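One-letter residues, chain by chain:
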Amino acid sequence: MNGNFQVERIALREWLVLSILILLFTAGLLFYKTLERADLVLYDRLMQLNSRPERDDIIIVGIDSHSLSELGKWPWPRQRHAELIKQLSAAQALAIGMDFVFVEAEERSSEQSVNGDQLLADALTKSNNVVLPLISENAGKGLTTVRPIPVLSSAARQLAHINLEIDKDGVVRSIFLREGMNGEWWPHFSLALADIGKQITPGTETNLPGARLSAALRNAAPEAGTWQRDYQMHIPFAGSSGHFRSVPYVSVLRGEVPVDFFRHKYVLVGPTASAMADSFPTPVSGNEGMISGVEINANILAALLDDRSITPAPLTYNLLLNLLAVAVALLAYQLMSPRKALLATASVAVVTLVGSWASLRYLGYWAPPTAGLLALVIAYPLWSWRRLEAAIRFLGEEFRVLDKEPHLLPEFVDEDDEQPARALTDTLEQSINAMREAVDRVRDLRQFVSDSLASLPDATLVTTTDGNVLLSNQPAQSYFASIGIPKVNDALVPYLFATMSNPQNTEYGQDNSFSWWNILDIKHTKSMSQGIEVRDPQGRDLLIKSAPCYNGEKQLVGWIVSLVDITSIRAAERSRDETLHFISHDMRAPQASILALLELQKDPGTALSQIEFMSRIEKASRATLGLADNFVQLARAESQDYRFEEADFQDILLVATEEMWSLSRSKNIRIVTQIQEEEFPVLLDRSLMTRVLTNLLSNAIKYSPKDTTITCTLTSEQHLADAIIVCSIKDQGYGITRADQARLFQRFQRFKTGEQPKSDGVGLGMVFVKAVLDRHQAKIDFTSAPNEGTTFHIRIPADLT
């Protein structure tokens, strides 16, 4: 007890030390932002899962490739922009944002009589809801603000900045809603549009999202030439490129878009063509790579209108989330088994990740869980290592105890290898030697038992006297797993056999007096040594034997129970009986007919004409030859000798139809082929597959009335990375009754409806078809109804190599 208590104290101390180190490691990762790049990658992946339906009141008028091809290369005359604004104003657009700059006056050619800048200014003034962008640049004398030309600046409803915040990895994730310099502030382009739509005076907004500047910076006097920013808002992207509704610039200009389409809508006009768009990578870009600036502004506008934003969690919240997750996992290590602790670790990781995603999606709160996840990945291996160390120490102690136990196997020691008594008393050396000797004995014993049991080809169990399974070989484990019993060791033998039928070949017969405990009864040793035949739930025939095991003093110490699968033997016996029955009847009948004809021919009074006599002899001989040929073909189909080669399935089908031409001609039956214009590559045995198709066509001809049609179609179906070739053979024959359909692919089955003529078939043709298709990994099915014909479908994998 004292030893166990000491071990528990050591385990608890190691757990506390490990827990403190892991928690400090997690806190350090968060405090020093070591995993900032990983946080951004995870943030992007989660943002891609946060897509939302687009707002129907945001429209993008895109300067796309189509517009450029129709209206000429950029820049366009400003008279054209004026016309666009007039049309949008006439359509009662709620707010209009022109997402391109007008920092220079338009150059007028000698032929141009109108002033494009003035026309655009007039349109801006009349509309009174247009936002124009301004930019900042460094021309060598410090940072300056570059506004649109004065005539346009004064005519616009609002000037706004279009700057985006680009993170270290080059991805746009946030913006500043207000930027400016020298005490003059401008709203972001999207904020200005939202203010116009809500009739809010710029600068009077309340509850703007985003992180603010510190009070000291806000109240300090602005420094000349210093660009200031406030209200940093992380963008909750609604979707990637193409998410919002967009119409080409040229379509709007030509009046091709209905007027009602823009009524009471926010309209953003900007470049979307790849050749001129100011595109940026975003968290939701994914495979598209980049999103145009106007689409990013549409996402920002949608977020402002929906009152959505993303707020990075403070350090305190991050510490609480990550440290709590790690602490729960560490507690599981102390209280649970290794397997359950691993499941708990995985569960905590999943819950942490899902919680972070849910917080981002529904609360707009981003708390990166990467530090906690990395700590979980590291913590479990470390704790497992410490547990393994403790387990090794414990095993060492147990091996030293085992060394004192009686030896189960004889040991042969060479006299030359004998060593004198140990002079050293080193504890480590003694422990190592004791472990080495104990391990050698256990290894020898295990090898002896393992080899003995594994060498048995049949499923074998070694049990105690009361039937508890101690050992089982691989065939036994595989068999019981196949009938739904995955764990064999420690199970009771009678319960393992409880679902099997009663013996069929013992003195018990079908009597209910038999009990599965009898296989462990010494009174039934004689009958059990001969074996009892039973059938398992899957219909397999088994021979179960048991034999007692005795020790050196002839005391019963256990039982050896074996299971022999005799299903194939019984199936072969049944097949033999069917074949003998067939030979005794079907193959004997033609030979008997030939002998009878020969007897009749000897008597001139009963002799047939030479022509009729030879015809009957030929008919009987051909019947016998056909029966023998069916047996030979079926034997080849069930053998291993297949000669696979690359071929085009339509060639096989055409050869088969040609072979059946004369037979179909005799009944005036047309064979029609419908094959798609493509190749059908397959890997098959050409002769056997041709015989499959001729068998099906022959049956279709035999079981169809005259003057009908047989249709053969060949198509291909695509299933993910695989392709399937489908060959269908449809006749207009007598059909197969529902009762006969289940026996179609069984040996020696012949069917006949009331209207069809008698057939000379043996009942092996469809068995041959099924055997060949199974070896080709192909499938066959059919649909049939009496007097409605039958359609067979062969589905064979295409050879795409």
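These numbers were taken from a predicted model, which means no experiment stands behind them.

Peer 1: So what exactly am I meant to see when it comes to the overall build of the protein here?
Peer 2: Regarding its fold elements, the protein presents 24 helices and 27 strands. Put simply, the protein has 801 residues, and 41% of those count as buried. Contacts spanning at least 24 positions in sequence make up 71% of the contacts within the protein whose residues lie at least 6 apart. When the accessible surface of the protein is totalled, it reaches about 44300 Å², and 55% of it is carbon and sulfur.

Peer 1: Could you clarify how one ought to interpret the pairing of strand S24 (residues 709–719) in this entry?
Peer 2: Two faces make up the sheet, and in a regular strand the side chains alternate between them. Bridge count for strand S22 (residues 670–675) against S24 is 6 bridges, and the pairing is parallel. Looking at S24, one finds that Gln674 is bridged to Thr713. Note that S24 and strand S25 (residues 722–730) share 9 bridges and pair antiparallel. The residue bridging Thr715 from the neighbouring strand is Val726, located in S25. Between S24 and S25, which follow one another and run antiparallel, lie 2 residues, and Leu720 among them has a positive phi close to 55°.

Peer 1: Looking at this structure, I do not really get helix H10 (residues 293–305). What am I missing?
Peer 2: Count 3.6 residues to each turn of an α-helix, and residues three or four apart come out pointing the same way. Between the first and last C-alpha of H10 there are 18 Å, a value that for 13 residues agrees with the 18 Å anticipated at 1.5 Å per step. Summarising burial for H10: 13 of the 13 residues are buried, a large majority. Of the residues one or two after H10, Asp307 is the one with positive phi, at around 55°.

Peer 1: Quick question: what am I supposed to make of the packing of helix H2 (residues 36–48) against helix H12 (residues 338–363) here?
Peer 2: The angle between the axes and the distance between the axes are what describe a pair of packed helices. The interhelical angle for the contact between H2 and H12, taken along N-to-C directions, is 65°, at an axis separation of 10 Å. Like other packed secondary-structure pairs, H2 and H12 cross with a definite hand, here right-handed. Along its contact with H2, which presents Leu42, Tyr43, Leu46 and Met47, the element H12 presents Leu353, Ser356, Trp357 and Leu360. In terms of residue class, the contact of H2 with H12 is made up of 7 nonpolar, 1 polar and no charged.

Peer 1: What exactly am I supposed to notice about the packing of helix H11 (residues 315–335) against H12 here?
Peer 2: Contact geometry of H11 with H12 gives a least axis separation of 8 Å together with a crossing angle of 160°. With respect to H12, the axis of H11 lies roughly antiparallel. Crossing of H11 over H12 shows right-handed handedness. Facing H11, whose interface residues are Tyr317, Ala325, Val328, Ala329, Ala332 and Tyr333, H12 presents Ala341, Ala344, Thr345, Val348, Thr352 and Ser359. Per-class residue counts for the contact of H11 with H12 are 9 nonpolar, 3 polar and no charged.

Peer 1: Whenever I open this one, unusual backbone geometry confuses me. Can you help?
Peer 2: Note: most residues except glycine have negative phi, and most peptide bonds are trans. Cis peptide bonds are those with omega within 30 degrees of zero, and the linkage from Trp74 to Pro75 qualifies with 5°. Among the structural elements, Pro75 can be located in the loop between helix H3 (65–71) and helix H4 (78–90). If you check the backbone angles, Gln92 has positive phi at about 65° while not being a glycine. By the element assignment, Gln92 lies in the loop between H4 and strand S2 (95–98). Overall, the relative accessible area of 41% leaves Gln92 in the partly exposed class.

Peer 1: So what exactly am I meant to see when it comes to helix H15 (residues 474–482) here?
Peer 2: Residues of H15 that are buried: Ala476, Tyr479 and Phe480. The arc that holds the buried residues of H15, viewed along the axis, is 90°, so those residues lie on one side. Residues of H15 that are buried sit in contact with strand S16 (459–463), strand S17 (469–472), helix H16 (493–496), strand S19 (541–550) and strand S20 (556–565). One or two steps after H15, the chain reaches Gly484, where phi turns positive at roughly 90°.

Peer 1: In this structure, what is going on with the side chain of His234? I would like to understand it.
Peer 2: For His234, the location among the structural elements is in strand S9 (residues 227–234). Once residues lying within four places of it in the same chain are set aside, the contact partners of His234 are Tyr43, Arg173, Ser174, Ser309, Ile310 and Pro312.

Peer 1: How do you make sense of the packing of aromatic side chains when you look at a structure like this?
Peer 2: Taken as a whole and judged by the stated rule, the model has 16 aromatic pairs. Ring centres of Tyr43 and Trp366 lie 5.2 Å apart, and the angle between their planes is 70°; this geometry places the pair in the edge-to-face category. Highlighted residues: Tyr43 in helix H2 and Trp366 in strand S15 (residues 365–366), separated in sequence by 323 residues. Ring plane angle 85° and centroid distance 5.3 Å describe the contact between Phe261 and Phe262, whose orientation is recorded as edge-to-face. Through a chain of ring-to-ring contacts, three or more aromatic side chains come together here, namely Trp74, Trp76, Phe100, Phe102 and Tyr249. Between the NZ or CZ atom of Arg386 and the centre of the ring of Trp385, over which it lies, the distance is 4.8 Å.

Peer 1: I tried to follow a nonpolar patch on the surface on my own but got confused; where do I start?
Peer 2: Side chains of Phe25, Val377, Ile378, Leu382 and Trp385 sit close together on the surface and give an oily, nonpolar patch of about 430 Å² of accessible area. It is helix H13 (residues 370–402) that provides the largest number of residues to the nonpolar patch, a total of 4 residues. On the secondary structure map, Val377 appears in helix H13. Owing to a relative accessible area of 58%, Val377 belongs among the exposed residues under this scheme.

Scoring rules and cut-offs
- Residues numbered from 1 in each chain as written.
- Predicted model: local features only at pLDDT ≥ 70, side-chain atom pairs only at ≥ 80, totals over all residues.
- Heavy atoms only, no water.
- Helix = DSSP H or I, 4+ residues; strand = E, 2+ residues; numbered from the N terminus.
- Buried < 20%, exposed > 50% of the residue type's maximum accessible area, 1.4 Å probe, protein only.
- Contact = heavy atoms within 4.5 Å.
- Areas by Shrake-Rupley, 256 points an atom, 1.4 Å probe, with all protein chains shown as cover.
- Pairing = 2+ DSSP bridges.
- Expected span 1.5 Å × (residues − 1).
- Axes fitted to C-alpha atoms, helices over the stretch in contact; angles between N-to-C directions.
- Left-handed = near helix turned anticlockwise from the far one by under 90°.
- Nonpolar A, V, L, I, M, F, W, Y, C, P; charged D, E, K, R; others polar.
- Parallel < 35°, antiparallel > 145°, perpendicular 65-115°, else oblique.
- Arc of directions from axis to C-beta.
- Phe/Tyr/Trp six-rings, centres within 6.5 Å; stacked < 30°, edge-to-face > 60°.
- Lys NZ or Arg CZ within 6 Å of the ring centre and 35° of its normal.
- Patch = residues over 30% accessible without salt bridge, like charges linked within 9 Å, V, L, I, M, F, W, Y side chains within 5 Å.
- Salt bridge = Lys/Arg side-chain N within 4 Å of Asp/Glu carboxyl O.

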